[in-house]
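Structural overview
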Amino acid sequence: MEDKVVSCVRVPVIILMIWFSFFNGAVSEVYDVGDENGWNSEVDFASWSEKYNFTVGDVLEFKYSKGQHNVFEVTESAYRTCNMSSGVLAKYDSGEDEVKLNESKKYWFVCNVSGHCLGGMRFGIDVKAGNITNNSESIPSANSASIFAYHRWNLGLYFFAFGILLH
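Residues numbered from 1 in each chain as written. Predicted model: local features only at pLDDT ≥ 70, side-chain atom pairs only at ≥ 80, totals over all residues. Heavy atoms only, no water.

In terms of regular secondary structure, the chain is built from four helices and seven strands. In the chain, buried positions account for 32% of the 167 residues. At a minimum sequence separation of 6, the contacts of the chain that also span at least 24 residues come to 69%. About 10900 Å² of surface is accessible on the chain, with carbon and sulfur atoms providing 55% of the total. (Helix = DSSP H or I, 4+ residues; strand = E, 2+ residues; numbered from the N terminus. Buried < 20%, exposed > 50% of the residue type's maximum accessible area, 1.4 Å probe, protein only. Contact = heavy atoms within 4.5 Å. Areas by Shrake-Rupley, 256 points an atom, 1.4 Å probe, with all protein chains shown as cover.)

Attention shifts here to the sheet that holds strand β2 (residues 59-63). Ordered in space as β1-β2-β5, the three strands form an open sheet in which the pairing is mixed. Single-partner strands in this sheet number two, and they are β1 (30-32) and β5 (96-100). Each strand of the sheet is rotated relative to its neighbour by a mean of 20 degrees, with strand direction disregarded. As defined by bridge partners, β1 adjoins β2 across three bridges and the pair is classed as parallel. (Pairing = 2+ DSSP bridges. Axes fitted to C-alpha atoms, helices over the stretch in contact; angles between N-to-C directions.)

Topologically, Asp 35 is positioned in the loop between β1 and α2 (45-50). Taking the relative accessible area as the measure of exposure, Asp 35 reaches 21% and is therefore partly exposed. Considered as a pair, Asp 35 and Trp 48 are 13 residues apart in the sequence and their alpha carbons are 7.9 Å apart. Those residues within four positions of Asp 35 in sequence are excluded, and the remaining contacts are Trp 48, Lys 51 and Tyr 52. A polar atom in the side chain of Asp 35 sits 3.1 Å from the side chain of Trp 48. (Polar contact = N/O pair within 3.5 Å; in protein donor to acceptor, adjacent residues only side chain to side chain.)

It is worth spelling out the side chain of Asn 40 at this point. Tracing the sequence through the fold places Asn 40 in the loop between β1 and α2. Once you skip the residues sitting within four places of it in the chain, Asn 40 turns out to touch Phe 45, His 69 and Met 121.

Time to look at the pattern of salt bridges. Tallying each qualifying case throughout the model produces six salt bridges. Note that Lys 51 and Asp 35 form a salt bridge whose closest N and O atoms lie 2.5 Å from each other. Linking Lys 51 in the loop between α2 and β2 with Asp 35 in the loop between β1 and α2, this pair joins segments that are 16 residues apart in sequence. Notably, a salt bridge pairs Glu 73 with Lys 105, separated by 3.6 Å at the nearest N-O pair. With a gap of 32 residues between them, Glu 73 in strand β3 (residues 71-74) and Lys 105 in the loop between β5 and β6 (106-110) connect regions that are remote in the sequence. With a relative accessible area of 27%, Lys 105 lands in the partly exposed category. (Salt bridge = Lys/Arg side-chain N within 4 Å of Asp/Glu carboxyl O.)

Judged by nonpolar contacts, the single largest core of 20 residues is most densely connected at Trp 39, Leu 60, Phe 62, Phe 109, Phe 123 and Ile 125. Put simply, the parts of the chain that give this core at least two residues each are α2, β2, β6 and β7 (122-126). Non-local contacts of Leu 60, meaning those with residues more than four positions away in its chain, are made with Tyr 31, Val 33, Trp 48, Phe 54, Asp 97, Glu 98, Val 99, Leu 101, Phe 109, Phe 123 and Ile 125. Listed in part, the nine residues of the second largest apolar core include Tyr 79, Cys 82, Met 84 and Val 110. (Core = buried A, V, L, I, M, F, W, Y, C linked by side-chain atoms within 4.5 Å.)

As a further point, take the packing of aromatic side chains. For any pair of aromatic rings, the description consists of the separation of the ring centres together with the inter-plane angle of the planes. In total, this model carries 15 aromatic pairs according to the counting rule given. Between Tyr 52 and Phe 54 the ring centres are 6.1 Å apart and the planes differ by 55 degrees, which places this aromatic pair in the tilted class. Since its relative accessible area comes to 2%, Phe 54 is described here as buried. Ring pairs connect the aromatic residues Tyr 31, Trp 39, Phe 45, Trp 48, Tyr 52, Phe 54, Phe 62, Tyr 107, Phe 109 and Phe 123, which therefore count as one cluster. Over the ring of Tyr 79 we find Arg 122; its NZ or CZ atom is 5.1 Å from the centre of that ring. (Phe/Tyr/Trp six-rings, centres within 6.5 Å; stacked < 30°, edge-to-face > 60°. Lys NZ or Arg CZ within 6 Å of the ring centre and 35° of its normal.)

Spelled out as structure tokens, the structure:
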């Protein structure tokens, strides 16, 4: 009877080990644009966007009062001139818009409500391909504790699974 239980547990544990190994580090982030202040004219979006390193798969959440603002993804030319007569790539106006960053490229976002873009409600971000290693990753950050806890948990799972396999 015990051999049947071990056999039933062995396959799912092996699958979990492979899955965690494969997806280790492939986690996307969700960013609230403007942090706790949201998408509004009181935020310095140039400074906000410089605080983060965006990668493919990340999601930007724009939270604002519907009807008071909107979000346009635009070309660099439209961004620089705040002229939306051309160069609009996407429009969002729900008040709780999510934009998935699907490509490694420069993205440009503006509010197209009269005067908002020229008033500073705009930003550009450079989205990099995922899993890029650079020197800044070797410096511990505020999230280091959670990263180390994840790796400890992952290592514990390996030992647990290995123990079951040996049994």
